[in-house]
Amino acid sequence: MTKKTLGTIVEHTADAAEKQGFTRRDFIASMSALLGSRIVFAGALPLGMVPVALANNEQAFKIAGKHSELVVLNDRPINAETPAHLLDDKVTPSDKLFVRNNGIPPTEIDLDNWTLTVEGESAEQKKVYSIAELKSRFTHYSYQLTLECGGNGRAEFSPQAKGNQWTTGAVGCPKWTGVRLADVLKDVGIKADAVYIGYYGKDSHLSGDPSKQAISRGVPIQKALEDECLIAWAMNDEQIPLMNGHPLRLVIGGWPASTSGKWLERIVIRDQVHDGAKMLGTAYRVPCKPVAPGTKVADEDMCIIHAMPVKSLITFPKSGIHQKIKQPLKLRGHAWAGDKEIQQVKISKDFGQTWQTVTLAKAVNKNAWQHWQGEVSFDKTGYYEIWAKATDSDGISQPMILPGWNPKGYLNNACHRVAIQVV
Ligand SMILES: Nc1nc2c(c(=O)[nH]1)N[C@H]1C(S)=C(S)[C@@H](COP(=O)(O)O)O[C@H]1N2
Ligand SMILES: [Mo]
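All figures in this text were calculated on a predicted structure; none of them were measured in a lab.

Student: Looking at this structure, I do not really get the overall build of the protein chain. What am I missing?
Tutor: Along its length, the protein chain carries six helices and 26 strands. In the protein chain, 70% of the contacts between residues at least 6 apart in sequence involve partners at least 24 apart.

Student: So what exactly am I meant to see when it comes to the sheet that holds strand E5 (residues 127-130) here?
Tutor: Strand-to-strand pairing in sheets goes through backbone hydrogen bonds, with the strands running parallel or antiparallel. As summarised here, the arrangement of the five strands in space is E5-E4-E15-E10-E11, forming an open sheet in which the pairing is mixed. Looking along the sheet, the strands with just one partner apiece sit at the ends: E5 and strand E11 (218-220). Between one strand and the next, the sheet's axes are offset by a mean angle of 15°, whatever the strand orientation. Pairing of strand E10 (residues 196-201) with strand E15 (residues 264-270), which is carried by six bridges, proceeds in the antiparallel orientation. Bridge pairing in E15 links Gly 198 to Val 268.

Student: Before we go on, may I ask you to explain unusual backbone geometry in this structure?
Tutor: For residues other than glycine, phi is negative in most cases, and the peptide bonds are mostly trans. In this model, Ser 158 is joined to Pro 159 through a cis peptide bond whose omega is -5°. Position of Pro 159 among the secondary structure elements: in the loop between strand E7 (147-148) and strand E8 (171-172). The omega torsion across Phe 316 and Pro 317 is 0°, close enough to zero to call that bond cis. Here Pro 317 shows up in the loop between strand E18 (311-316) and strand E19 (321-323).

Student: I would appreciate a short explanation of the environment of Ile 221 in the present structure.
Tutor: By the secondary structure assignment, Ile 221 is in helix H6 (residues 221-224). Sequence spacing of Ile 221 and Ile 269 is 48 residues, and the spatial spacing of their C-alpha atoms is 8.1 Å. Beyond its immediate stretch of four places on either side in the chain, Ile 221 contacts Ala 194, Val 195, Tyr 196 and Ile 197.

Student: What's the story with the nonpolar core in this structure? I'm lost.
Tutor: Soluble globular proteins: nonpolar side chains tend toward being buried together. Within the largest apolar cluster, 83 residues are counted, with the highest numbers of intra-cluster contacts made by Ala 80, Leu 181, Leu 230, Ile 231, Val 345, Ile 386 and Ala 388. Among the domains, domain 2 (111-304) and domain 3 (311-422) are the pair contributing at least three residues each to this core. Dropping the residues within four chain positions of it, Ala 80 is found in contact with Ile 63, Lys 66, Leu 70, Val 71, Val 72, Leu 73, Phe 98 and Val 99. Grouped together as the second largest cluster of nonpolar side chains are eight residues, Ala 283, Val 286, Tyr 410 and Leu 411 included.

Student: For this particular structure, what's the right way to read the pairing of strand E9 (residues 175-180)?
Tutor: Side-chain direction in a regular strand flips from residue to residue, so the side chains alternate between the two faces of the sheet. Most of E9 sits out of view: five of its six residues are buried. Summarising the sheet, strand E6 (residues 140-144) and E9 pair through five bridges and their orientation is antiparallel. Bridge pairing in E9 links Tyr 141 to Gly 178. Pairing analysis gives five bridges linking E9 to strand E12 (residues 230-235), with the strands arranged antiparallel. Each bridged residue has a counterpart across the sheet, and for Gly 178 the counterpart in E12 is Ala 232.

Student: How should the sheet that holds strand E26 (residues 416-422) be read in this particular structure?
Tutor: A sheet is described by the order of its strands in space; here five strands give the open sequence E19-E26-E25-E21-E22, paired in mixed fashion. Only two strands of the sheet have a single partner each, and these edge strands are E19 and strand E22 (356-357). Alignment of strand E25 (residues 382-392) against E26, held across seven bridges, turns out to be antiparallel. Looking at E26, one finds that Ile 386 is bridged to Val 418.

Student: Explain helix H5 (residues 181-188) here, please?
Tutor: Here H5 has its buried residues at Leu 181, Val 184 and Leu 185. Mapping the buried residues of H5 onto a view down its axis gives an arc of 100°, with all of them on the same face. Two residues or fewer after H5 comes Gly 189, characterised by a positive phi angle close to 105°.

Student: Which parts of the structure should I look at to understand the environment of Lys 278?
Tutor: Tracing the backbone shows Lys 278 in the loop between E15 and strand E16 (285-287). Residue Lys 278 is classed as partly exposed on the basis of its C-beta count, with 16 C-beta atoms lying within 10 Å. Residues Lys 278 and Ser 258, spaced 20 residues apart in sequence, show a C-alpha to C-alpha distance of 9.0 Å. Setting aside its immediate chain neighbours within four residues, Lys 278 contacts Ile 215, Arg 217, Ser 258, Ala 283 and Tyr 284.

Student: Before we go on, may I ask you to explain the pairing of strand E2 (residues 78-81) in this structure?
Tutor: Neither face of E2 is exposed, since Ile 78 and Ala 80 on one face and Asn 79 and Glu 81 on the opposite face are all buried. For strand E1 (residues 71-75) and E2, the ladder comprises four bridges, and the chain directions are antiparallel. When the sheet's bridge partners are listed, Asp 75 is paired in E2 with Ile 78. Here E1 folds back onto E2, and the loop between the two strands holds two residues.

Student: What is the right way to read the confidence of the model for the protein chain from this model?
Tutor: When pLDDT is low, close inspection of the predicted coordinates is not appropriate. Mean pLDDT over the protein chain: 91, with 86% of residues reaching 70 or higher. Of the regions scoring below 50 in pLDDT, residues 1-21 engages in 36 contacts with residues more than four places distant in sequence or in other chains.

What counts, and at which threshold
- Residues numbered from 1 in each chain as written.
- Chains lettered and ligands numbered in written order.
- Predicted model: local features only at pLDDT ≥ 70, side-chain atom pairs only at ≥ 80, totals over all residues.
- Helix = DSSP H or I, 4+ residues; strand = E, 2+ residues; numbered from the N terminus.
- Contact = placed C-beta atoms within 7 Å.
- Pairing = 2+ DSSP bridges.
- Axes fitted to C-alpha atoms, helices over the stretch in contact; angles between N-to-C directions.
- Core = buried A, V, L, I, M, F, W, Y, C linked by C-beta atoms within 7 Å.
- Buried ≥ 20, exposed ≤ 12 C-beta atoms within 10 Å, placed from the backbone.
- Domains from an automatic or database assignment.
- Arc of directions from axis to C-beta.
- pLDDT = per-residue confidence, 0-100.

Next up, the structure:
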């Protein structure tokens, strides 16, 4: 497990300041984000000079508000995943939800003046809401919703797919509170020809070009109108962490988390499939028909990812533990399947030769992961692996090995494995 130290990060940032024509405002903003607090007298700090609290700190890079064991995959933009054993809670705590940024997050959030604009070709009118208006005008709902990056598991693809090398930790299932996206869309008025919604957030493009979006994705109108799709301001009954989209974000459970727009400022109701940044080409799209690994696929043969496939995690024990021979070992984890339910979870301790069914809880609501638990013991000393395999309500199970190769390495739902040394 390699972690970047603060030293490296800070160097990168100072370097980036010069190379990428960073403004001093950007520099101060990123230093404040790293420190997790506002720099008083920031105006007097020379451009590129690193706050000593950061420079003298040899600790692993820590993202403000996030657990120190999150594994940082990239620092510009910040991307960090959660080791499986840290996802053991039924409801993912805020400090353990992964971070996936495509651009530079906003730093100064003015809650009182933050607005959400809803417009578009298929909107009856344009409406602008303050956060206070959203809160007072619409009914509040709370749901536990699974967010999984479409690229979770990318690290295993061969030939290697470009992008963050996520292993298993770009997933989580916190409790979200907000208003229904459907209620807001209906308040604006949806024309009969509406086919899609798209979002725009306040983060900026890595290039610094204000005319470019870091990401602007969306979902078909049918999905947007489901009860569980939220415009959320709270996560686990508290303000959403800045890195996860404070003060407002979309939460589209069960779909690639790239559809859950953070720092949400604008929603468009479209009369065509939304064509914002990262909707086209190979972004969040996979070959419509399976292809051989390494194949070049034409744009028109690529299809947008809809609901995420069936998947599971073993969150206890942590991979690599030592276990006493013939002693019971409790196992725990979660399973999820996009818009579907999980029907069954099985575990194997003999590399898939035999399987035993474990106890599976019902989902607390649609698009929430389901908790499972079981128990095993081992008759001989030596190396074992525990494998977990979930089956969804259509009878579709996780593959044992890597599923269909695709250019950007999306949708790897192969079985999770943990190592056990029996002594
Ligand atoms: N505005 C904005 N929204 C965004 C992103 C982003 O970079 N900017 N990243 C998307 C992607 S690709 C993912 S996987 C999720 C990650 O959500 P999280 O960082 O809260 O875990 O946010 C999505 N929403
Ligand atoms: Mo993502």
